[in-house]
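# Geometric and topological summary
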Amino acid sequence: MTRLYVVTGAASGIGQATCQLLKERGEEVIGVDIHSSEINVDLSNEGGRKDGVAEVILKSDGKIDAVIACAGLANPIAKTVSVNFFGVTQFLEGLLPTLSKSSAPRVSLTSSMASLMPNSPELVEAMLKGDEQSALAIAQGLVDAGDQKAALIYGSTKRALSRWVRRESIKEQWSGAGIPLNAVGPGIVRTPMVADMIDTAESRAAIDVSVPMPLNYYLKPLQVAYLLVWLTSTENTHTTGQTIYIDGGSDAVLRGDNVWDLAK
Ligand SMILES: NC(=O)c1ccc[n+]([C@@H]2O[C@H](COP(=O)([O-])OP(=O)(O)OC[C@H]3O[C@@H](n4cnc5c(N)ncnc54)[C@H](O)[C@@H]3O)[C@@H](O)[C@H]2O)c1
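Computed from a prediction, not measured in an experiment: that's the story for all the values here. (Residues numbered from 1 in each chain as written. Predicted model: local features only at pLDDT ≥ 70, side-chain atom pairs only at ≥ 80, totals over all residues. Heavy atoms only, no water.)

Taken together, 30 residues are adjacent to the ligand, and Ser12, Asp33, Tyr154, Val189 and Thr191 come closest. The separation between an oxygen atom of the ligand and a polar main-chain atom of Gly13 is 3.5 Å. The side chain of Tyr154 places a nitrogen or oxygen atom 2.6 Å from an oxygen atom of the ligand. Summarising the interface, the protein chains cover 93% of the accessible area of the ligand, which totals 830 Å² for the free molecule. Given that more than half its atoms are within 2 Å of the pocket grid, the ligand belongs to the largest pocket. Broken down by secondary-structure element, the contributors of at least two residues to the shell around the ligand are α1 (13-24) and α7 (152-169). Classifying every residue of the shell around the ligand by side-chain character gives 16 nonpolar, 11 polar and three charged. (Near = heavy atom within 4 Å. Polar contact = N/O pair within 3.5 Å; in protein donor to acceptor, adjacent residues only side chain to side chain. Areas by Shrake-Rupley, 256 points an atom, 1.4 Å probe, with all protein chains shown as cover. 1 Å grid on protein atoms, 1.4 Å probe; cavity = no way out; pocket = protein on both sides within 12 Å on 5 of 7 lines; lining within 4 Å. Sits in = over half its atoms within 2 Å of the grid points. Helix = DSSP H or I, 4+ residues; strand = E, 2+ residues; numbered from the N terminus. Nonpolar A, V, L, I, M, F, W, Y, C, P; charged D, E, K, R; others polar.)

The structure is reproduced here in structure tokens:
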């Protein structure tokens, strides 16, 4: 049976490849982005998120089967907090009642390998508290403190997202409603977001130190789309709360086999 998907970040990169894959497989898709999509809204602010939810409800007659959230920014600016964290979490929370009407509702979103990188714990906590104003003020403070501090913003948004997925997934409104909620954690994906970062041998050498990818090197967007789509398919019945790294081995290289230390 055809399923109805909502995909954010539909105009470019991973979101665009995900829309194409779903359509090729005969699914229906409502694309959401700030431009060039079925629904054009700015997910960086509360009004845009609410308008986006309202338009999805209108276009879907109030029932959707899955949401795949890909919209994001990699810029070292405060707005990245609004798009990457609140633009995902508030949008998903707004769509929960609509999702719950499906017989097999699913959600996946796009975290990053960067969730494992240095971050600002204060910023991460502010996001997890749902306090957008404080989070923006902390992020602006990082920007004002110079490039090295500002560079912590992106990783902080992705750490917060992955932690949000883990905590939320087991709550009544997600697990209790039969909704698997997961993230993918890509390594470097060849999209417009990182084009400048990987366009010279020198810049690639620098990236390859922080994101080593011994298995098959950089990804194409479609390769991430396959995983996002599987996580939101009816085949996924029990995977939830996870960030699944699709990173050519970066996580294994950088963290080795010590990821169970917390369970001691
Ligand atoms: N490319 C990579 O190497 C990589 C690695 C790990 C994670 N990611 C994550 O994957 C996701 C997709 O990134 P991509 O590489 O496809 O980038 P991309 O720049 O190609 O696509 C991002 C999309 O998000 C949309 N967007 C940005 N701000 C928005 C806003 N305020 N409202 C609505 N839409 C907005 C853009 O218009 C764009 O279409 C992002 O969350 C990114 O952080 C990317």
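Text resumes after the structure shown.
The next subject is the pairing of strand β2 (residues 28-33). As a general feature of sheets, a regular strand has side chains that alternate between the two faces. Burial analysis of β2 places five of its six residues in the buried class, which makes it a mostly covered element. Both strand β1 (residues 4-8) and β2 contribute to a ladder of five bridges, which runs parallel. Looking at β2, one finds that Leu4 is bridged to Glu28. For the segment spanning β1, α1 and β2, crossover handedness is right-handed. (Buried < 20%, exposed > 50% of the residue type's maximum accessible area, 1.4 Å probe, protein only. Pairing = 2+ DSSP bridges. Right-handed = clockwise from strand over helix to strand, strands pointing away.)

With that settled, consider the packing of aromatic side chains. Per the stated rule, a full pass over the model turns up three aromatic pairs. On the basis of an interplanar angle of 80° and a centroid distance of 6.1 Å, the ring pair of Trp164 and Trp174 is categorised as edge-to-face. Placement of the pair is Trp164 in helix α7 and Trp174 in helix α8 (residues 172-176), with a sequence separation of 10 residues. Taken individually, Trp164 and Trp174 each receive the classification buried, so the pair is uniform in this respect. (Phe/Tyr/Trp six-rings, centres within 6.5 Å; stacked < 30°, edge-to-face > 60°.)

Looking now at unusual backbone geometry. The bulk of non-glycine residues show a negative phi, and the bulk of peptide bonds are trans. Despite not being glycine, Ser36 shows a phi value in the positive range, around 55°. Note on placement: Ser36 falls in the loop between β2 and β3 (39-40). The exposed category is assigned to Ser36, whose relative accessible area is 62%. Although it is not a glycine, Tyr217 sits at a positive phi angle of roughly 55°. Here Tyr217 is to be found in the loop between α9 (201-210) and α10 (221-231). When its relative accessible area of 33% is taken as the criterion, Tyr217 is described as partly exposed.

Here we come to the nonpolar core. Core analysis: the biggest nonpolar cluster contains 43 residues, and Val67, Phe91, Leu109, Leu123 and Trp164 have the highest contact counts within it. No other element matches helix α3 (residues 79-99), which puts nine residues into this core. Core analysis: the next-biggest nonpolar cluster, separate from the first, contains 30 residues, Ile14, Val29, Val184 and Leu219 among them. (Core = buried A, V, L, I, M, F, W, Y, C linked by side-chain atoms within 4.5 Å.)

Following both chains from N to C, one finds α3 and helix α5 (residues 132-144) inclined at 155°, their axes separated by 9 Å at the closest point. Taken as axis vectors, α3 and α5 run roughly antiparallel relative to one another. Every pair of crossing elements has a handedness; the one defined by α3 and α5 is right-handed. For the pair formed by α3 and α5, the contact residues are Lys79, Val81, Ser82, Phe86 and Gln90 on the first element and Glu132, Ala135, Leu136 and Ala139 on the second. Of the residues belonging to the contact of α3 with α5, the class tally is five nonpolar, two polar and two charged. (Axes fitted to C-alpha atoms, helices over the stretch in contact; angles between N-to-C directions. Parallel < 35°, antiparallel > 145°, perpendicular 65-115°, else oblique. Left-handed = near helix turned anticlockwise from the far one by under 90°. Contact = heavy atoms within 4.5 Å.)

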